[in-house]
Amino acid sequence: ETGVTQSPTHLIKTRGQQVTLRCSSQSGHNTVSWYQQALGQGPQFIFQYYREEENGRGNFPPRFSGLQFPNYSSELNVNALELDDSALYLCASSLAGTNEQFFGPGTRLTVL
Amino acid sequence: GDSVTQMEGPVTLSEEAFLTINCTYTATGYPSLFWYVQYPGEGLQLLLKATKADDKGSNKGFEATYRKETTSFHLEKGSVQVSDSAVYFCALSDRAAGNKLTFGGGTRVLVKP
């Protein structure tokens with residue numbers, strides 16, 4: 001059974017740029033959630049995707065957007081990067097209707 | 001809205017000591033409760049969970065009991081090892097909110113030989 005994978009591992013961008021982060025969900029899982037974890041803090045929910053539609057969103061501006069593909073993999077896009085976007089971005093997959101989420105190793109984004 | 005509060009760290013212990021990490025929550029519905037662990041440079045791993053009042057979750061010597069009357073889910077381990085050094089996160093999910101996870105701020109635990 002393949003676990004959740006994310007790419008890239010690390011990324012450095014400058015303010016104002018755009019970034020795309022990728023996530024492959026665990027085999028058999030059809031729901032993907034994204035979280036932002038700032039240094040020294042707990043993860044914050046960004047949004048969740050189910051059946052290629054956004055299915056819940058946290059308190060993040062519209063410049064954070066996402067996609068889910070038919071194979072349940074997902075992308076997180078962030079436009080107009082700000083310094084405060086520097087964080088570990090975590091993807092988690094789950095089976096719809098269940099409450100257990102499985103996390104990937106994360107992508108460390110640094111905005112200079 | 002939902003929230004989770006856990007004790008701030010770092011918590012420094014000697015090997016074989018008893019560990020307790022306090023966690024309390026606020027939720028409008030009937031949440032499920034979780035403890036996740038994060039080792040340096042890694043993502044989150046589910047440590048244990050409980051889905052209803054008085055349930056006890058347990059794994060790898062760690063235990064936590066869902067206490068609805070005190071809205072708490074304290075994590076305990078009777079004898080810690082150096083390998084337990086990590087950051088521990090208490091979290092809740094509410095089915096009415098699509099099972100999104102709400103996390104506490106994390107507690108760093110350092111176990112010394």
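One can find the structure itself at the top, above this paragraph.
These lines cover the structure that appears in this document, whether it is placed above or below. What you see is a predicted model; the values in this text were computed from it and never measured.

Points about the overall build of chain A
So, point 1. Looking only at helices and strands, chain A features zero helices and eleven strands.
So, point 2. Order of helices (α) and strands (β) in chain A, N terminus to C terminus: β-β-β-β-β-β-β-β-β-β-β.
So, point 3. The C-alpha atoms of chain A give a radius of gyration of 13 Å, which matches the 13 Å a tight globule of 112 residues would have.
So, point 4. Across its three principal axes, chain A shows a C-alpha extent of roughly 40 × 25 × 25 Å.
So, point 5. In chain A, buried positions account for 49% of the 112 residues.
So, point 6. Residue pairs at least 24 apart in sequence account for 53% of intrachain contacts in chain A once pairs closer than 6 positions are excluded.
So, point 7. When the accessible surface of chain A is split by element, carbon and sulfur atoms take 48% of a total near 5,400 Å².
So, point 8. Taking the average place of the 7 positive charges on the side chains of chain A and the average place of its 9 negative ones, the gap between the two points comes to 8 Å.

Structural notes on the layout of surface pockets
Which parts of space are left empty comes out when a probe the size of a water molecule is rolled across the atoms.
So, point 1. Of the voids in this model, the largest pocket is the one considered here, and its volume is about 470 Å³.
So, point 2. If you go around the largest pocket, you meet 24 residues; those closest to its centre are Gln37, Leu39 and Arg108 of chain A together with Gln38 and Arg108 of chain B.
So, point 3. Residue assignment for the lining of the largest pocket shows that the elements contributing at least two residues are strand 11 (107-111) of chain A together with strand 10 (86-93) and strand 12 (107-112) of chain B.
So, point 4. Element by element, the count of residues in the lining of the largest pocket is highest for strand 10 of chain B, at three residues.
So, point 5. Its residues assigned to classes, the lining of the largest pocket shows nine nonpolar, twelve polar and three charged.

Concerning the sheet that holds strand 3 (residues 19-21) of chain B
All names here are of chain B.
So, point 1. On the basis of which strands lie adjacent, the open sheet formed by four strands has the order 3-9-8-7 and antiparallel pairing. Edge positions in the open sheet fall to strand 3 and strand 7 (56-59), since each of these has one partner strand only. This sheet shows a mean twist of 15° between the axes of neighbouring strands, independent of strand direction.

With respect to the side chain of Gln6 of chain B
Residue and element names in this part refer to chain B.
So, point 1. Mapped onto the elements, Gln6 comes out in strand 1 (residues 3-6).
So, point 2. Gln6 gets classed as buried once you look at its relative accessible area, which sits at 9%.
So, point 3. There is a polar contact of 2.9 Å between the side chain of Gln6 and the side chain of Thr107.
So, point 4. In contact with Gln6, not counting residues within four places along its chain, are Ile21, Asn22, Cys23, Trp35, Tyr88, Phe89, Cys90, Gly104, Gly105, Gly106 and Thr107.

So, how was this worked out
Residues numbered from 1 in each chain as written. Chains lettered and ligands numbered in written order. Predicted model: local features only at pLDDT ≥ 70, side-chain atom pairs only at ≥ 80, totals over all residues. Heavy atoms only, no water. Helix = DSSP H or I, 4+ residues; strand = E, 2+ residues; numbered from the N terminus. Rg over C-alpha atoms; globule rule 2.2 N^0.38 Å. Buried < 20%, exposed > 50% of the residue type's maximum accessible area, 1.4 Å probe, protein only. Contact = heavy atoms within 4.5 Å. Areas by Shrake-Rupley, 256 points an atom, 1.4 Å probe, with all protein chains shown as cover. Lys, Arg positive; Asp, Glu negative; His and termini not counted. Charge placed at Lys NZ, Arg CZ, Asp CG, Glu CD. 1 Å grid on protein atoms, 1.4 Å probe; cavity = no way out; pocket = protein on both sides within 12 Å on 5 of 7 lines; lining within 4 Å. Points joined across faces, edges and corners; volume = space filled by probe spheres on them. Nonpolar A, V, L, I, M, F, W, Y, C, P; charged D, E, K, R; others polar. Pairing = 2+ DSSP bridges. Axes fitted to C-alpha atoms, helices over the stretch in contact; angles between N-to-C directions. Polar contact = N/O pair within 3.5 Å; in protein donor to acceptor, adjacent residues only side chain to side chain.

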